[in-house]
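Here's the letter readout for the chains.
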Amino acid sequence: MTTISAARSTHGARWTIALAVATAVAGVLGAPPAPVFAAVSVGVGDVFAVDTHGGSGMTEVHALSRSGNYQSFTVHAATSLGPTDVNQWTFGFGDYDADGLPDLFAVNTADTNGQKTAAHVLSGASNFQNALLHVQLPAMGGANLDVWQFAVGDYNADGRADLYGINTRDNNGQNTAAHVWDGANNLNSFLLHAQLTAMGGSDLAVWQFAVGDHNADGRADLYGINTRDGGNTAAHIWNAADNLHGFLLHSLTPLPASDLAVWQYTTTDYDGDGRADLAAINTRDAGSNSTAIHVLSASSNLRTFAMQTGTALNQSQLSKWQFHGWSGRRGGGTVSPNPYGPSEVTIGWTPRMQYVVNQLNAAHDPRFCGGQADGSGSGHINGSDHYSGNAADCFAAGVGAIATGGDKALGDAMADWAVRNAAALRVKYVIWYARIYNVQSSNPRWEYYCNSALTAAQCANPSPGDPATLQHMDHVHISVIH
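Residues numbered from 1 in each chain as written. Predicted model: local features only at pLDDT ≥ 70, side-chain atom pairs only at ≥ 80, totals over all residues. Heavy atoms only, no water.

Quick look at the pairing of strand β18 (residues 263–268)
For β18, a buried count of six out of six residues is recorded, marking the element as mostly surrounded by other parts of the structure. Of the two faces of β18, the one holding Trp263, Tyr265 and Thr267 and the one holding Gln264, Thr266 and Thr268 are both buried throughout. Bridge count between β18 and strand β19 (residues 277–285): six bridges; the pairing is antiparallel. Note on β19: the bridge partner recorded for threonine 266 is alanine 279. (Buried < 20%, exposed > 50% of the residue type's maximum accessible area, 1.4 Å probe, protein only. Helix = DSSP H or I, 4+ residues; strand = E, 2+ residues; numbered from the N terminus. Pairing = 2+ DSSP bridges.)

Comments concerning the packing of aromatic side chains
This structure, assessed with the given rule, holds 15 aromatic pairs. When the centroid spacing of 5.9 Å and the interplanar angle of 15° are considered together, the rings of tryptophan 148 and phenylalanine 150 count as stacked. Phenylalanine 150 gets classed as buried once you look at its relative accessible area, which sits at 8%. Consider the rings of tryptophan 321 and phenylalanine 323, whose centres lie 6.4 Å apart with planes at 15°: the pair is stacked. Each member of the pair, tryptophan 321 as well as phenylalanine 323, carries the same accessibility label: buried. Taken together, the aromatic side chains of Phe48, Phe93 and Phe128 make up a single cluster linked through ring pairs. (Phe/Tyr/Trp six-rings, centres within 6.5 Å; stacked < 30°, edge-to-face > 60°.)

Some thoughts on the sheet that holds strand β6 (residues 89–94)
Strand pairs in the sheet, formed through backbone hydrogen bonds, run parallel or antiparallel to each other. Reading across the sheet, the four strands line up as β6-β7-β8-β9 and stay open at both edges, with antiparallel pairing between neighbours. If you trace the sheet from one side to the other, it starts and ends with β6 and β9 (131–136), each paired once. Neighbour to neighbour, the strand axes of the sheet diverge by 15° on average, direction disregarded. (Axes fitted to C-alpha atoms, helices over the stretch in contact; angles between N-to-C directions.)

With respect to the nonpolar core
Among soluble globular proteins, nonpolar side chains are generally buried collectively. Of all hydrophobic cores here, the largest spans 29 residues; its most connected members are Met353, Val430 and Ile478. Elements supplying a minimum of two residues to this core: α4 (351–364), β26 (391–395), α5 (405–420), α6 (422–425), β27 (427–432) and β30 (475–480). No other element matches α5, which puts six residues into this core. Here valine 430 is in contact with Ala415, Ala418, Val419, Arg435, Ile436, Tyr437, Trp446, Val476 and His477, once residues within four sequence places are set aside. (Core = buried A, V, L, I, M, F, W, Y, C linked by side-chain atoms within 4.5 Å. Contact = heavy atoms within 4.5 Å.)

Observations concerning the pairing of strand β14 (residues 207–212)
In terms of burial, β14 is a largely internal element, six of the six residues being buried. With burial as the criterion, each face of β14 is covered, one bearing Trp207, Phe209 and Val211 and the other bearing Gln208, Ala210 and Gly212. Summarising the sheet, β14 and strand β15 (residues 221–229) pair through six bridges and their orientation is antiparallel. Along β15, the bridge assignment pairs valine 211 with leucine 222.

Structural notes on the environment of leucine 81
Locating leucine 81 in the fold gives a position in the loop between β5 (73–78) and β6. Counting along the chain gives 24 residues from leucine 81 to glycine 57, while the straight-line C-alpha distance between them is 9.3 Å. In contact with leucine 81, not counting residues within four places along its chain, are Met58, Thr59, Trp89, Phe91, Ala106 and Leu122.

Considering the state of the cysteines
According to the stated counting rule, one finds two disulfides in the structure shown. Residue pairing for cysteine 369: its cysteine sulfur links by disulfide to cysteine 394, the two sulfurs lying 2.1 Å apart. Disulfide cysteine 369-cysteine 394: the torsion about the S-S bond is 110°, which places it as right-handed. Pair noted here: cysteine 369 is in strand β24 (residues 368–370) and cysteine 394 is in strand β26, with a separation of 25 residues, a long-range link. Comparing cysteine 369 with cysteine 394, the two get one shared label, buried. Covalently, cysteine 450 is tied to cysteine 459 through a disulfide, its sulfur atoms 2.0 Å apart. Across the disulfide from cysteine 450 to cysteine 459, rotation about the S-S bond amounts to roughly 80°, and the bridge is consequently right-handed. Classification of cysteine 459 as buried rests on a relative accessible area of 2%. Once the disulfide-bonded cysteines of the protein chain are ranked by sequence position, their pairing pattern turns out to be 1-2, 3-4. (Disulfide = S-S within 2.5 Å.)

With respect to the UniProt feature "domain: ARB-07466-like C-terminal" (unreviewed entry) in the protein chain
As annotated by UniProt and renumbered to match this structure, "domain: ARB-07466-like C-terminal" (unreviewed entry) occupies residues 348–451. Along residues 348–451 the backbone is 33% helical and 23% strand, and the end-to-end C-alpha distance reaches 24 Å. (UniProt positions renumbered as here; feature names shortened; annotations may be inferred.)

Put into structure tokens, the structure is as follows:
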């Protein structure tokens, strides 16, 4: 059992969460895991913790589960990388090969005896065992991590993760510049060189940079975190769609000033709204005796906490650990507006629903889509949009299965796509993996879903078969407005 309460600490510059953690992280990690060549299974909002000197003797990846309120792990993986030095290596996660799974980007800033910076990408489909890419970055010598930061995100909304390099001492220290290498071209060419607007040279003892899709346009914007803006931590977001020249946000967050020897910042889509929330990681939280996570919601312009909690990971040290959020696959682009008006049919799908199915098939290739009206008026709950041809069930896994691994990632991607394009597609609501997103709500967000045909216990722990299907563990349900 855990007890959580939030309070400002007597030190003023830290937040603490009181939490009893039943199992120490050493016990959680246990003996070195044997390589398992199965797809990594993570969910949107999970937070990766990279242990550069794991108990296995390798660089390890552990993922704290969003669905478990970060009290449990979805991944423990010893990668095929040996131990790494955080003064030379830095990491990120993104979908490099467009399979919907997070791949591990490992950047060696002192390759070839310090003369080059190299990127290595390990496949999420192989549990970070198999290499997808080894490349020395063009036009890039060795990089000093006191000057450069690297991040991973989809800059151009092509469904492939790109690599961002932030030079905080560009132009003889007068500017901060961003360079983006193109994932679709194996990081062999650039998508962008840009000096950041209204930003001189920056000090990485004060500033930290991350990337994430702040405005749900499918492109990874650049977050600049000033940890000492007066007595607070502030966030500034440059717009990827404007080539990082214009701002999307300036926000003085409720977080106090923070010490980057203890805190790390990353983005993750905690609430599943398609926008990157800001996760502040306190690696030495005294109240919980753990690594704590504080999530500031994008929908509040980073002014309100969506979650503050200690986690299943013991206190950690940034000399050994790095943290990165997972917002799911943001690719698939945007769609043209649905040209069809509302209607109802007794057989098949309405033109409006058929348009959505066609667009989804093109963007994400589900196993199949079904649920057309069949004229029977039965087989679904009363009032279901299926009866009028205004709903579709698009399957990420076999019927009655509980999606995991690549199937779960596909379902996440389809649900995310439907929510992000809801206005253009005329989507009414989306259901996936025991959650529902009601677009027409006054406060649209992902909420818990329990099918009325099941008991509360069955909803909370659905078994394979009908319960899994009724809880939408195998398929994404999309209804359109009619």
